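Summary of the model geometry
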Amino acid sequence: MDAPLKRTRLEQMFIGEASVGDTVDFGKGKWIILDKKGNNALLLRTETSKKVPFDEDGGIKWLLSSYREWLNKKYILKFSTEERKIMVEQFLYKPASKGKTKEKLFPLSEEQYIKYKDIIPQINSTYWLKDGNFINKKVKAVAKDGSIIQVKPDDTDIISRQACWVNFKDDMSKSDKK
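As the structure is a computational prediction, the values presented were derived from the model and not from experiment.

1. Observations regarding the sheet that holds strand β7 (residues 138-142)
- Pairing is antiparallel in the open sheet, where 3 strands are placed in the order β6-β7-β8. Looking at the sheet topology across the chains shown, the edges are occupied by β6 (127-133) and β8 (148-151). Averaged over all pairs of adjacent strands, the angle between strand axes in this sheet comes to 35°, irrespective of strand direction.
- Bridge analysis of β6 against β7 gives 4 bridges, and the strand direction is antiparallel. Looking across to β7, one finds that tyrosine 127 is bridged to valine 142.

2. Points about the environment of lysine 117
- With respect to the helices and strands, the residue lysine 117 is situated in the loop between α4 (110-116) and β6.
- A relative accessible area of 38% places lysine 117 in the partly exposed class.

3. Section: the pairing of strand β9 (residues 163-167)
- In terms of burial, β9 is largely enclosed, as 5 of its 5 residues are buried.
- The alternating pattern of β9 places Ala163, Trp165 and Asn167 and Cys164 and Val166 on opposite faces, both of which are buried.

4. Here's the deal with the environment of glutamate 110
- Mapped onto the secondary structure, glutamate 110 falls in helix α4.
- A relative accessible area of 22% places glutamate 110 in the partly exposed class.
- Residues contacting glutamate 110, with those up to four places away along its chain left out, are Leu129, Asp131, Lys140 and Ile148.

5. Structural notes on the packing of aromatic side chains
- Across all of its chains, the model carries 10 aromatic pairs by this definition.
- Between the aromatic rings of tyrosine 75 and phenylalanine 79, the centroid separation amounts to 6.0 Å while the plane-to-plane angle is 70°, which identifies the pairing as edge-to-face.
- The structure contains a cluster of three or more aromatic residues connected by ring pairs, namely Phe26, Trp31, Phe54, Trp62, Tyr67, Trp70, Tyr75, Phe79 and Trp128.
- In this structure, arginine 161 is placed above the aromatic ring of tyrosine 127, and the distance from its NZ or CZ to the ring centre is 4.9 Å.

6. Some remarks on a positive patch on the surface
- Residues Lys28, Lys50, Lys74 and Lys78 make up a contiguous surface patch of positive charge.
- For lysine 28, the position within the fold is in the loop between β1 (23-26) and β2 (29-37).

7. Some thoughts on the pattern of salt bridges
- Within the structure shown, the criterion is met by 10 salt bridges.
- The partner of glutamate 47 in a salt bridge is arginine 45, and the shortest N-O contact between them spans 2.9 Å.
- A relative accessible area of 30% places glutamate 47 in the partly exposed class.
- One salt bridge in this structure joins lysine 140 and glutamate 110, with 2.7 Å as the shortest N-O distance.

8. Some thoughts on a nonpolar patch on the surface
- A surface patch of nonpolar side chains, amounting to about 290 Å² of accessible area, comprises Leu10, Met13 and Phe14.
- Mapped onto the fold, leucine 10 is located in helix α1 (residues 3-17).
- Residue class for leucine 10 comes out partly exposed when judged on its relative accessible area of 45%.

9. Let's talk about the side chain of lysine 140
- Within the element layout of this structure, lysine 140 appears in strand β7.
- Within the local environment of lysine 140, its side chain forms a polar contact with the side chain of glutamate 110, the two groups lying 2.7 Å apart.
- With sequence-adjacent residues up to four places away left out, lysine 140 is seen in contact with Glu110, Trp128, Leu129, Asp131, Ile148, Ile149 and Gln150.

10. Looking at the confidence of the model for the protein chain
- A residue-level look at the protein chain finds 90% of positions with pLDDT of 70 or above and a mean pLDDT of 90.
- Across residues 173-178 the pLDDT falls below 50, and counting only partners more than four positions away or on other chains, this stretch makes 3 contacts in the model.

About the cut-offs
- Residues numbered from 1 in each chain as written.
- Predicted model: local features only at pLDDT ≥ 70, side-chain atom pairs only at ≥ 80, totals over all residues.
- Heavy atoms only, no water.
- Pairing = 2+ DSSP bridges.
- Helix = DSSP H or I, 4+ residues; strand = E, 2+ residues; numbered from the N terminus.
- Axes fitted to C-alpha atoms, helices over the stretch in contact; angles between N-to-C directions.
- Buried < 20%, exposed > 50% of the residue type's maximum accessible area, 1.4 Å probe, protein only.
- Contact = heavy atoms within 4.5 Å.
- Phe/Tyr/Trp six-rings, centres within 6.5 Å; stacked < 30°, edge-to-face > 60°.
- Lys NZ or Arg CZ within 6 Å of the ring centre and 35° of its normal.
- Patch = residues over 30% accessible without salt bridge, like charges linked within 9 Å, V, L, I, M, F, W, Y side chains within 5 Å.
- Areas by Shrake-Rupley, 256 points an atom, 1.4 Å probe, with all protein chains shown as cover.
- Salt bridge = Lys/Arg side-chain N within 4 Å of Asp/Glu carboxyl O.
- Lys, Arg positive; Asp, Glu negative; His and termini not counted.
- Charge placed at Lys NZ, Arg CZ, Asp CG, Glu CD.
- Polar contact = N/O pair within 3.5 Å; in protein donor to acceptor, adjacent residues only side chain to side chain.
- pLDDT = per-residue confidence, 0-100.

Structure representation (structure tokens):
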């Protein structure tokens with residue numbers, strides 16, 4: 001068994017044994033466990049990564065945002081192949097095409113932030129949520145004081161704080177054989 005596979009199996013074991021509210025290592029960072037459902041855990045990065053606009057073109061739809069594309073095409077490459085395999089794909093529906101698309105990394109929604117607010121550690125930065133406001137063409141974010149604010153989607157002073165669902169039980173060697 002190679003080192004990245006061993007490391008990921010250890011990460012799975014520690015995530016599986018940890019409780020909601022505990023901090024765990026995953027990838028190159030520390031994550032807090034916000035929820036557990038079945039064999040999956042919802043993780044939120046305890047630190048922030050970098051300042052990114054929600055959408056470089058000023059759009060407010062998460063599905064079409066440059067931030068979503070950056071997280072799931074570029075940032076995801078910071079994780080090993082084995083770590084990417086245990087991230088649970090989330091499916092989003094594209095209303096216009098009636099098709100669906102998938103993602104593994106995302107910011108929390110406003111609903112999730114409110115639900116888990118009491119266990120989310122505050123940070124000294126403002127970070128994106130995934131909700132846009134179609135009336136004023138702004139996107140929601142969490143301010144340094146923990147309040148929800150609305151900012152322009154092309155604001156470059158907002159930080160990325162990503163979340164993901166991770167499977168902590170499945171044997172990755174089975175998926176390698178498919």
